[in-house]
Amino acid sequence: MDAFTLEMTDRRWWTDDTFEIRFVRPAGFDYLPGQKVGFVDGPLRRDYTLLGPLEADHLAICVRHIPGGRFSPRLAGARPGERFTVTAPFGYFTFKQPGHPVVWVATGTGIAPFVAFVRAGARGFDLLHGARTVADLYYRDELSRSARRYVPCISGPVPTVYEGPPLYEGRVGPCLAERWSPGRYDFYLCGRGDMIRDVMAIIDTHFEGAHVFTERFY
Ligand SMILES: Cc1cc2nc3c(=O)[nH]c(=O)nc-3n(C[C@H](O)[C@H](O)[C@H](O)COP(=O)(O)OP(=O)(O)OC[C@H]3O[C@@H](n4cnc5c(N)ncnc54)[C@H](O)[C@@H]3O)c2cc1C
């Protein structure tokens, strides 16, 4: 697989533990919305999904800093000018021409491919955006503006004062089961493995004939 060198330019923190980090886009680097790159450091490799937009002169990813993790602390502490080796972009969790109404389900940084889809022009989707707190709803405004239906699902404490689309208090799975009427949908799920397992079980019992695409981050 080809390799590219990415030079870090800047970083913006969304919360205490999650940030967007940008790099100069190398010549000849083309990708599809939803694809990721592998950051390679000797035998270590960690994958991160590109946010888009496709035509930008930078590349961006959204990263959760895992204290004690083997690689994300390097991105959290990187300085402008620092270089990283990455694989060529790859992967099939890309947006397909919809056959049915589209429902996206994301938790945490699993929102990244959906940001890339929206930045490539996807519209009219439903999105269940799962997070522990309202502050963890990264890219909320950009996504909710383009959605047909956008439901933030908050599994932790809910603020008494909040401005934005009405919240669902609970996880994405129960929200899907309670709020979406039966029918045929194209589901796209991205995030934690236990979320994908739980939502798959709900799809199996509530949504016969669904198409399901999944991307498991960890
Ligand atoms: C296809 C794919 C795409 C990915 N895209 C992204 C992305 O866009 N943004 C991103 O932040 N991560 C993404 N990941 C996860 C990423 O590759 C790393 O696993 C993550 O950054 C942790 O790496 P680490 O070396 O710091 O921690 P490690 O030393 O590998 O792991 C430490 C512990 O943290 C847990 N963990 C891993 N990721 C998370 C997380 N996000 N939240 C909470 N706990 C976690 C692991 O289960 C493990 O127990 C993606 C993974 C895959 C497979």
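Residues numbered from 1 in each chain as written. Predicted model: local features only at pLDDT ≥ 70, side-chain atom pairs only at ≥ 80, totals over all residues. Heavy atoms only, no water.

## Notes on the domain arrangement of the chain
Taken domain by domain, the chain consists of domain 1 (3–87) and domain 2 (102–216). Averaged C-alpha coordinates put domain 1 and domain 2 at centres separated by 24 Å. Taken together, the contacts link 16 residues of domain 1 with 13 residues of domain 2. Taking both sides of the interface into account, the surface hidden between domain 1 and domain 2 amounts to around 1,300 Å²; carbon and sulfur atoms contribute 64%. (Domains from an automatic or database assignment. Contact = heavy atoms within 4.5 Å. Buried area = accessible area lost by both parts, 1.4 Å probe.)

## Re the sheet that holds strand S7 (residues 102–107)
Sheet strands associate in pairs through backbone hydrogen bonding, adopting either a parallel or an antiparallel arrangement. Ordered in space as S10-S9-S8-S7-S11-S12, the six strands form an open sheet in which the pairing is parallel. Edge positions in the sheet fall to strand S10 (168–169) and strand S12 (211–216), since each of these pairs with one other strand and no more. Two strands pair when backbone bridges link them, and strand S9 (residues 149–154) and S10 are joined in this way by two bridges, in the parallel orientation. If you follow isoleucine 154 over to S10, its bridge partner there is glutamate 169. Each of S7, strand S11 (186–191) and S12 is contacted by helix H5 (residues 193–206), which is oriented at about 160° to S11, the strand it contacts most. (Pairing = 2+ DSSP bridges. Helix = DSSP H or I, 4+ residues; strand = E, 2+ residues; numbered from the N terminus. Axes fitted to C-alpha atoms, helices over the stretch in contact; angles between N-to-C directions.)

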